[in-house]
Amino acid sequence: MLFSSTVFLFLFLPIVCVLYLLVRKELKDYVLLLASIFFYAWGEPRYVAVMLLTIIINYVGALWVANLNRKKKVWGFTLLLGEHTKLNCSCSAAKLALFLTILGDLSFLFYFKYFNFFVENINALFDGHIDFIKVIMPIGISFYTFQAISYVVDVYREEVEPQRNIYKLALYITLFPQLVAGPIVKYHDVADQIENRTVDFEKVAYGVKRFIVGLAKKVLLANTLGAVADKVFTQPIDQLDCVTTWLGAICYTFQIYYDFSGYSDMAIGLGSIFGFKFLENFNYPYISRSITEYWRRWHISLGSWFRDYMFMPIMFLPLARNTVISRSYRWVMKKVGSKVANAIMTFVALFIVWFSTGFWHGAGWTFIVWGLYNGFFIFIETLTGWNRDRKSIRGKALQHFYAMLVIMLGLVIFRSDTMNYAWHYLLTMFGAERGETMYHLIYYVDRIEIIALTVGIVCSAPLCSKMLEVEGRSQLRIAAVNLWLLALFILSAASIAASTYNPFIYFRF
Amino acid sequence: MNKKILIAAILTFVVNILCIPLWTECGYGGFVRTLFNKEVRLEFVYSGIVTGSEPFHFQATPEPSLCSWFYHSGNIRRAHLTLQASGKWQKLSVQVEPLHDGKITISFKGPDARDDYGRCYSVLTDWRNSKINGKAVFKESKTLSYQKGESAKISVKKNEILQIEAEFRRHRFTIHDFIFLKHGNLWYLITGNLLTLFLIYRLLSYFAGRRERVRLGDALLVVTFFTCLFIPMIDISDEVKSQRENRTLAEKPTLKGLLKGEANTGGGYERWFNDHFYGRSVLIKLHDIVRNNLSHIIRTRRGSYFKEGGWDFGLPPLVDCGLTSFQAIVDNLVHLDQFCRKNRIKLYILEVPRKEIIYKEFIVDNYGFDEKQFVKVSRAEETIRREVRKHHIPWVYPYEAFRDAARQDFVFLKCSNHWTDWGAFVGYCELMKEINKDFPDMPIVSLNDCRKSQNWLYRDGYRRDYGPPKHLSQFYNFSSSELTSPTDQVLYNYYDHKNGKNMVIEFGKFTKEFTYPEGKHKIMLTGTSQNENFLQFLPYSAARTRYIRLNFGQVKNEDEFKILKLYKKDIFSFKPEILILCIHTDNLPKLRDLCSPK
């Protein structure tokens, strides 16, 4: 079920809201849980089992990890009395429990998302003929798997208590506002809210506003620009020229932003209606002046997930006692100095993180290359200090131009079906190639697309960032903003009713 | 608590009052229908002394939609005027001028609402003060349906003007109509009211316990937002077919599928809800108004409508056929030819050129499509023709003739990919040239044999009705007013054979059989709606012509051209001497399944 579908908007959402409002406080979680499972089962009922299995694995795994952690503490006390072997033993056991739980989570992800990719590549590489039935990926598996991992790691790190009520853990993993396309809510961010939250009018009003903004972003901007981008990117490469390819790249750049940030806005809004407060997922990424900054502003929940659960642990590996990595690191440091050793370590960590980021987005070489492409620029920026703020306007403009160019070219790779297509597309963008058959620009864009693009560019800057704030605003201003939001909602609803073009890009990941 | 119940009861009553518009139309089916069909209908049936095959037997202002029904025993011409009604009484004034002496029946009715199988719904409308030439037919308010109309039969003389007056409105639910409730609706009413009462009571309890500061602007937004969310489920329509969209609406899937965990059930419900929720047409209209006012070109997945000029064209054609597909098409045609030869039938293929190819310079100059693409596609299609001709199968592709003809008159309707009568005539002549090589005794109709008339309406469809422009268009989901441009008012030339009275037509479900005593040989024509105009001429060359319309919804779109599988029996029973396969270029890929046994 898509947030921008009629059945969600006009059937599921109002019914769930009324039920949520009507039932007693202690039943609210169950209403949400049932609604979330129904929401997920709507499209693919079979895969509910996979999600439920993930919940059970993580429930049991986290309790196991917590239990071993507790023993560690007891043994830690005995350590003072000199029995340190038991401590090492329990540490390893907790790690093993964590490892096994994560392995369980990732095995589902790998099977459902990457099995086809691996077999196809093995066939291609070794000219093999392994017959296989294509595995269909359950919607949102990448998102809920990462959430589940976040939970069990948080328990291992003792940042949160393990959830002893399986229904509440199930609610965290399946919560429908963020189930299929994020944001990836970390357990420690919402643990308290799952246990105890309140719904008040202010939250509902904010949620409604945020939802409308998200819906309008998705339906009015992303879909309109997406139609242009799709038209360009589905055209054979010999029918594209320089101007058209740039048009396609620009439209796609804004489509993907408004598509995904619109979805995140809707998720945050829905969360607010049900009393949750999810962290922001986007912070005007297109005003960034470096790729490092861009990734601090773009898909923040994913970026911070990789930072917390992958990048930092890798960076801290050399600090561990007597491991192969720490010994190798020290050896390298002796040979080439700490600065170079740090750079190598950063490079290795960035490579792993960005390879994983790319691969997380999709089982395809274009995604992997896109991930490494981003990692490469971040590494270069870190080395050269390019990501530091310039003071002069010219310097800032240059930085901004650089960032947008790199982002846009990266997204061309991201959008292309094959690396070959991406390569020729990029060559055409820079005039190195030109197709034989061309269409006039009017074939791709009309007035409505130009308006959407202009609005898209303007709104990607934080000009209206405080529009939804109500504190200290006059009633008249609030009413004007609300009227505007209402008009946006009606236009979006009209567009949903009329338009059949409604794919959500981030459902692929 | 008592106070809350009292307020809840009052609010429930208010909700009932607000819901009255939903109950303003009801059917005889025994339950209250909440159809929002705001149409009423006035129908004229003219019969009597009819000579020849005059295209119009009466004129009326405002102009009605005309349908012509031919019978062996004579002709009955029928027309209906469909009026948009509202909840208020509106006045109607129509002038009818018969062009012959005869009798005219004037019926005041409800709208003709039908499902996909042609079954009628009963939808009521109110009429009163109806007069014909000042003479009252009925004065008091009458609730009428399509099945139960109020008629007046009058003898008329040629050119005598009839003045019809009446007042009408959408049927308003009255106490009298409560009689229908006893058939089961009472339970709907009671259940609905109890649920409403409970809901309001709970909401009141919920908000009574709150002590928050609520901003008025925000409160209004939240209330309006949630009200808007609830409106579409107020009335899920039970329409089966959308006239406006010219398609069957999605059916409601069974609950069993959902319980069994079938993957498509959710999608099925979604499609069903998408097609049936209340307010859908209003939202679509709103979207169209906004979009059309902002755009120069209105695009759909299938093509583009150009506001300046009023033309629509399909998307630039893209080559979809690989070499294997070419071969499959050729093989299928050869197979069909062998089948025909075995059964002593001569096969002819008539390919209708694409509108976009015929008007390519016009499109390139005005709308910026690239000509090279057309050339590229044309080359690919030419390969198929060449390969088929190598097997001595006559393939008529009247491209040059159409290009020449397009300089004289419209060969295609501006807002449809269908031929005009002139276009059909050109195609007919080209085909007859080829047929005459094998059957020299077959007469060819000339334009002198036809009576010419002009109309801005489109005459097309199975029964050769006249309809407003765009009813055939891919933009049928837009209302005419949104697409109107002055150039839409083109007068097309229509041709009717002067010997129309000698032609006997029998209508089947998706077939038509023509018997013409002055013709020779038996022809079977297979084609799509695109070729309907062809029948203005072809049946006058043959003694008997059987036309099989392939796209009448009898099979799925992709199976339309499985001719041998679907119509072998028809071929054997009719035993034609000539089989004409009339196909539009766009449909060429479908020929891959021409002889498919599955």
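Residues numbered from 1 in each chain as written. Chains lettered and ligands numbered in written order. Predicted model: local features only at pLDDT ≥ 70, side-chain atom pairs only at ≥ 80, totals over all residues. Heavy atoms only, no water.

A. Representation of the overall build of chain B. When helices and strands are tallied, chain B shows 14 helices and 27 strands. Within chain B, buried positions represent 50% of all 598 residues. In chain B, once contacts between residues fewer than 6 apart in sequence are set aside, the share between residues at least 24 apart is 72%. (Helix = DSSP H or I, 4+ residues; strand = E, 2+ residues; numbered from the N terminus. Buried < 20%, exposed > 50% of the residue type's maximum accessible area, 1.4 Å probe, protein only. Contact = heavy atoms within 4.5 Å.)

B. Geometry of the overall build of chain A. Counting secondary structure elements, chain A contains 19 helices and 0 strands. Per-residue burial over chain A gives 57% buried out of 509 residues. In chain A, the proportion of contacts linking residues at least 24 apart, taken out of those at least 6 apart, comes to 78%. For chain A, the exposed area adds up to about 22500 Å²; of that, 68% sits on carbon and sulfur atoms. (Areas by Shrake-Rupley, 256 points an atom, 1.4 Å probe, with all protein chains shown as cover.)

C. Structural context of the sheet that holds strand β24 (residues 511–515) of chain B. Residues and elements named next belong to chain B. The strand order across the open sheet built from 7 strands is β18-β17-β27-β25-β26-β24-β23, with neighbouring strands paired in mixed fashion. The open sheet has two free edges, formed respectively by β18 (395–396) and β23 (504–507), since each of these has just one partner strand. Two elements, strand β17 (residues 346–352) and strand β27 (residues 578–584), share 7 bridges in a ladder whose sense is parallel. Counterpart to Val 352 in the pairing with β27 is His 584. Lying over the sheet, helix α12 (residues 421–438) contacts β17, β18 and β27, oriented at roughly 160 degrees with respect to β17. In the packing of helix α14 (residues 563–574) onto the sheet, contacts are made with β24, β25 (522–527), β26 (544–549) and β27, and the angle to β26 comes to roughly 165 degrees. (Pairing = 2+ DSSP bridges. Axes fitted to C-alpha atoms, helices over the stretch in contact; angles between N-to-C directions.)

D. Spatial organisation of the packing of helix α1 (residues 6–22) of chain A against helix α2 (residues 25–43) of chain A. All names here are of chain A. Between α1 and α2, whose axes approach to 9 Å, the crossing angle comes to 160 degrees. Between α1 and α2, the interaxial angle falls into the category roughly antiparallel. Considering how the two elements wind past one another, α1 and α2 form a crossing that is right-handed. Seen from α1, the contacting residues are Val 7, Phe 8, Phe 12, Val 16, Leu 19, Tyr 20 and Leu 21; seen from α2, they are Lys 28, Val 31, Leu 32, Ala 35, Phe 38, Phe 39 and Trp 42. When grouped by side-chain class, the residues that make up the contact of α1 with α2 number 13 nonpolar, no polar and 1 charged. (Parallel < 35°, antiparallel > 145°, perpendicular 65-115°, else oblique. Left-handed = near helix turned anticlockwise from the far one by under 90°. Nonpolar A, V, L, I, M, F, W, Y, C, P; charged D, E, K, R; others polar.)

E. How the structure looks around the pairing of β26(B). Residue and element names in this part refer to chain B. Within β26, 5 of the 6 residues are buried, leaving the element largely enclosed by the surrounding structure. Relative to β26, β24 runs antiparallel, the two sharing 5 bridges. Looking at β26, one finds that Phe 514 is bridged to Thr 545. As paired elements, β25 and β26 share 6 bridges and run parallel to each other. Of the residues in β26, the one forming a bridge with Gly 527 is Arg 549.

F. Just a nonpolar patch on the surface, in detail. Residues and elements named next belong to chain A. A surface patch of nonpolar side chains, amounting to about 630 Å² of accessible area, comprises Val 336, Val 340, Ile 344, Phe 347, Val 348, Phe 351, Ile 352 and Phe 355. No other element matches helix α14 (residues 338–361), which puts 7 residues into the nonpolar patch. Inspection of the secondary structure assignment puts Phe 355 in helix α14. Phe 355 gets classed as partly exposed once you look at its relative accessible area, which sits at 30%. (Patch = residues over 30% accessible without salt bridge, like charges linked within 9 Å, V, L, I, M, F, W, Y side chains within 5 Å. Salt bridge = Lys/Arg side-chain N within 4 Å of Asp/Glu carboxyl O.)

G. Focus on the nonpolar core. Ranked by size, the top nonpolar core spans 173 residues in total, and within it A:Phe3, A:Phe8, A:Phe39, A:Phe176, A:Val208, A:Phe211 and A:Tyr286 carry the most contacts. By residue number, the principal contributor to this core is helix α9 (residues 201–233) of chain A, which donates 17 residues. In terms of domain composition, this core takes at least three residues from each of domain 1 (6–197) and domain 2 (199–284 + 433–509) of chain A. Beyond its immediate chain neighbours, meaning those up to four positions away, A:Val208 contacts A:Ile273, B:Leu221, B:Val222, B:Phe225 and B:Phe226. Formed by 80 residues, the second largest nonpolar core is a distinct cluster that contains B:Phe313, B:Tyr348, B:Ile393 and B:Val445. (Core = buried A, V, L, I, M, F, W, Y, C linked by side-chain atoms within 4.5 Å. Domains from an automatic or database assignment.)

H. Looking closely at the confidence of the model for chain A. Residue and element names in this part refer to chain A. For chain A, the mean per-residue pLDDT works out to 83, and 90% of the residues sit at or above 70. The low-confidence segment residues 76–87, where pLDDT is below 50, has 7 contacts with residues more than four positions distant or belonging to other chains. Per-residue pLDDT stays below 50 along residues 501–509; that stretch engages in 52 contacts with residues further than four places along the chain or on separate chains. (pLDDT = per-residue confidence, 0-100.)

I. Main features of the side chain of A:Ser150. As for its position among the elements, A:Ser150 is in helix α5 (residues 141–156). Leaving out residues up to four positions away in the same chain, A:Ser150 has contacts with A:Tyr172, A:Val185, A:Lys186, A:Tyr187, A:Trp305 and A:Tyr309.

J. Looking closely at the packing of aromatic side chains. Counted under the stated rule, the structure contains 82 aromatic pairs over all chains. Between A:Phe117 and A:Phe118 the ring centres are 5.8 Å apart and the planes differ by 70 degrees, which places this aromatic pair in the edge-to-face class. Classification of A:Phe118 as partly exposed rests on a relative accessible area of 39%. The ring of B:Phe138 has B:Lys142 sitting right over it, with the charged end atom 5.3 Å from the ring centre. Positioned over the ring face of B:Phe574 is B:Lys522, at 5.0 Å from the centre of the ring. (Phe/Tyr/Trp six-rings, centres within 6.5 Å; stacked < 30°, edge-to-face > 60°. Lys NZ or Arg CZ within 6 Å of the ring centre and 35° of its normal.)

K. Structural context of the environment of B:Tyr495. With respect to the secondary-structure elements, B:Tyr495 resides in strand β22 (residues 492–497). In sequence terms B:Tyr495 and B:Leu447 are 48 residues apart; their C-alpha atoms lie 7.7 Å from each other.

L. Representation of the side chain of A:Lys28. Residues and elements named next belong to chain A. By the element assignment, Lys 28 lies in helix α2. Although Lys 28 is buried, it forms no salt bridge, and the closest oppositely charged side chain is Glu 26 at an N-O distance of 8.7 Å. Residues in contact with Lys 28, not counting those within four places in the same chain, are Tyr 20, Leu 21 and Val 23. (Lys, Arg positive; Asp, Glu negative; His and termini not counted.)

M. Structural context of helix α12 (residues 300–316) of chain A. The largest bend in α12(A) is about 40 degrees, located at A:Arg307. Lining the buried residues of α12(A) we find α5, α8 (187–195) and α14 of chain A. (Bend = angle between axes of the 7 residues up to and from the residue.)

N. Highlighting the environment of A:Tyr172. All names here are of chain A. Secondary-structure assignment places Tyr 172 in helix α6 (residues 166–174). Along the backbone, Tyr 172 and Val 185 are 13 residues apart, and their C-alpha atoms lie at a distance of 8.6 Å. Within the local environment of Tyr 172, its side chain forms a polar contact with the side chain of Ser 150, the two groups lying 3.2 Å apart. (Polar contact = N/O pair within 3.5 Å; in protein donor to acceptor, adjacent residues only side chain to side chain.)

O. Quick peek at the packing of α9(A) against helix α10 (residues 242–273) of chain A. All names here are of chain A. Where α9 contacts α10, the two axes come as close as 6 Å, and the packing angle between them is 160 degrees. Here α10 runs roughly antiparallel to α9, going by the angle between their axes. Crossing of α9 over α10 shows left-handed handedness.

P. Quick peek at the pattern of salt bridges. Scanning the model with the defined rule gives 31 salt bridges over all chains in all. What emerges from the salt-bridge pattern is a single network uniting A:Asp29, A:Lys168, A:Glu195 and A:Arg197.

Q. Seen up close, helix α18 (residues 447–459) of chain A. Taking 1.5 Å per residue, 13 residues should reach 18 Å; α18(A) reaches 18 Å between its end C-alpha atoms and fits that length. The complete set of buried residues in α18(A) reads A:Ile448, A:Glu449, A:Ala452, A:Leu453 and A:Gly456. Angularly, the buried residues of α18(A) cover 135 degrees about the axis, an arc narrow enough to put them on a single face. Where the residues of α18(A) are buried, they touch α9 and α10 of chain A together with α6 (280–294) of chain B. (Expected span 1.5 Å × (residues − 1). Arc of directions from axis to C-beta.)

R. How the structure looks around the state of the cysteines. Residue and element names in this part refer to chain B. Scanning all chains against the criterion turns up 0 disulfides over all chains. As a non-bridged cysteine, Cys 340 has Cys 595 as the owner of its nearest cysteine sulfur, 8.8 Å distant. On the basis of relative accessibility, which here comes to 0%, the residue Cys 340 falls in the buried class. Between Cys 450, a free cysteine, and Cys 429, which holds the nearest cysteine sulfur, the sulfur-to-sulfur gap is 9.9 Å. Overall, the relative accessible area of 7% leaves Cys 450 in the buried class. (Disulfide = S-S within 2.5 Å.)

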